[in-house]
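# Observations on the model geometry
Here is how the chains run, residue by residue.
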Amino acid sequence: MTETAAPDVKSKKFRMVDYGLIAMMILPILACIVLKVLFTPASEGVNISGALVFWSNEPELGMTTLYLSESQINSWAVMISILGLCLYLTHGLTAKAVTKRQLIAEWLVEKSEKLVKDNMGGFFAEWGPFIAAIMGLSAFSSLICLVGLFSPTGDVNVTFGWAILVFFLIMHFKFRGGLWNYFIGLFKPIPVFAPMNLIGEIATPVSMAFRHYGNILSGAVISALIGSALTGLSRSLLSWLPGVFADMPLLRVGLPAVLSIYFDVFSGVMQAFIFAMLTMLNVAGAVPWDEWNARRKKRNKTEIQNTAA
Amino acid sequence: MDNGMLELALGIMLGLLGLGAGCAMIAGIGPGIGEGNAVAKACEAIGRQPECKSDVTSTMIMGCAIAETTGLYGLIVAILLIFVAPGSFKDILLTAVGKK
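This write-up is about the structure you can find in this document. Every value quoted in this text rests on a predicted model; they were computed, and no experiment measured them. (Residues numbered from 1 in each chain as written. Chains lettered and ligands numbered in written order. Predicted model: local features only at pLDDT ≥ 70, side-chain atom pairs only at ≥ 80, totals over all residues. Heavy atoms only, no water.)

Attention now moves to the state of the cysteines. By the definition in use, this model includes zero disulfides over all chains. Residue A:Cys86 stays outside any disulfide, its sulfur separated by 18 Å from that of A:Cys32, the closest cysteine. Here B:Cys52 is not cross-linked by a disulfide; its sulfur's nearest cysteine counterpart is in B:Cys43, at 14 Å. (Disulfide = S-S within 2.5 Å.)

With that settled, the discussion passes to the interface of chain A and chain B. Tallying the contact residues gives 17 residues for chain A and 12 residues for chain B. Of the roughly 1,200 Å² buried between chain A and chain B, counting both surfaces, carbon and sulfur atoms make up 80%. Where chain A touches chain B, the interface holds zero salt bridges. Remark: the boundary between chain A and chain B carries one residue pair in polar contact (both at pLDDT 80 or more). When residues of the side of chain A that touches chain B are traced back to their parent elements, those giving at least two are helix 7 (194–237) and helix 8 (255–286) of chain A. When residues in the side of chain A that touches chain B are grouped by element, the largest group, nine residues, is from helix 7 of chain A. Its residues placed into classes, the side of chain A that touches chain B shows 11 nonpolar, five polar and one charged. (Contact = heavy atoms within 4.5 Å. Buried area = accessible area lost by both parts, 1.4 Å probe. Salt bridge = Lys/Arg side-chain N within 4 Å of Asp/Glu carboxyl O. Polar contact = N/O pair within 3.5 Å; in protein donor to acceptor, adjacent residues only side chain to side chain. Helix = DSSP H or I, 4+ residues; strand = E, 2+ residues; numbered from the N terminus. Nonpolar A, V, L, I, M, F, W, Y, C, P; charged D, E, K, R; others polar.)

Quick look at the pattern of salt bridges now. Residue and element names in this part refer to chain A. One pass over the structure, following the stated rule, counts four salt bridges over all chains. Its salt-bridge partner being Lys-36, residue Glu-70 comes within 3.5 Å of it at the nearest N-O pair. Of this pair, Glu-70 sits in helix 2 (residues 70–89) while Lys-36 sits in helix 1 (residues 12–39), and the two are 34 residues apart along the sequence. Residue classification places Glu-70 among the buried residues on the basis of a relative accessible area of 2%. Residue Lys-36 is classed as partly exposed on the basis of its relative accessible area of 23%. Across the salt bridge formed by Glu-201 and Lys-174, the nearest N and O atoms sit 2.7 Å from each other. Note that Glu-201 is positioned in helix 7 and Lys-174 in helix 5 (residues 156–174), a separation of 27 residues in sequence. The class for Glu-201 is buried, based on a relative accessible area of 15%. (Buried < 20%, exposed > 50% of the residue type's maximum accessible area, 1.4 Å probe, protein only.)

Below, the structure is given as structure tokens:
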């Protein structure tokens, strides 16, 4: 590796690129807030509804209705923000770390690679970026509700899409042992178990999707219920206050924020970790090592060992 | 069918949907017991081997979150029954009596 000269951190060009990347992180979120404000119908109090639909087409012959909803827009905004964050953290990398952000970036990369290596084994050592991407996207998608936007993970379509992606990966590795072996495996230990095994295969993505979606949605619903309850309570208790204070839901100050530490922050980050963890365990557990190695032996290829799983 | 009967039918439908949502949340019992067991065992494990506290805690939280899943299925069914089902069921009812 060639030694690159340390970038001039104070130079004007470096600063300008930095500001551009910070704008790349913040502007998509701001654009989402503006879109939400423009499209939210005026209504009284707190209502529990799904994602706003910005655009939908008239179904023509043989077509279903296509929706462009808040969850799609928000997840793209989150993706652009995460891309901006990654570019910002890796801006001005040197062999010897001179900036704080390089230390943070190195810490993140090392942690994700260690996590993947510990849980999936040496064969999957290069899966760090994928797992880190899933975890980061999921965590930031859940945390976006802290700025008042709809969490994309509170929409079952988004989490189901991720779960189907993981399902394809699992299937890809299960077929490594040969299609026939996989088919035979469904009838083990006795043929009566075949339907149950088949349901078990399909249950993995369904349970992954519903677990994530249900946790985020339940947090949002409980927050909305508490918000509306406190609004009603403050209307009935504090209506004697003078002027505009009578209409303000003053009791809503404080308590929802404390509860959101659990329902939004802890629950969101936890579910991101669990989704990534289950992805790792399911994919790593899907590989039929014995059958695969037997097939490789037949074709005169070297055996593969999954070290330190 | 006159309007009085229709109102009665809608009322019965909404009431039964609420009852169904309540019954669906019986699913909350299972995860409660399961997570209680998990935390009790984790406390025992930490008491026996205090040096493993961080490992045991992270495994416990992971297991709790997975055990929560069945309860969440019940919760999703309840939420669907309360917020989604009334609209579609009302349409079905109105279509059946020919009001739509």
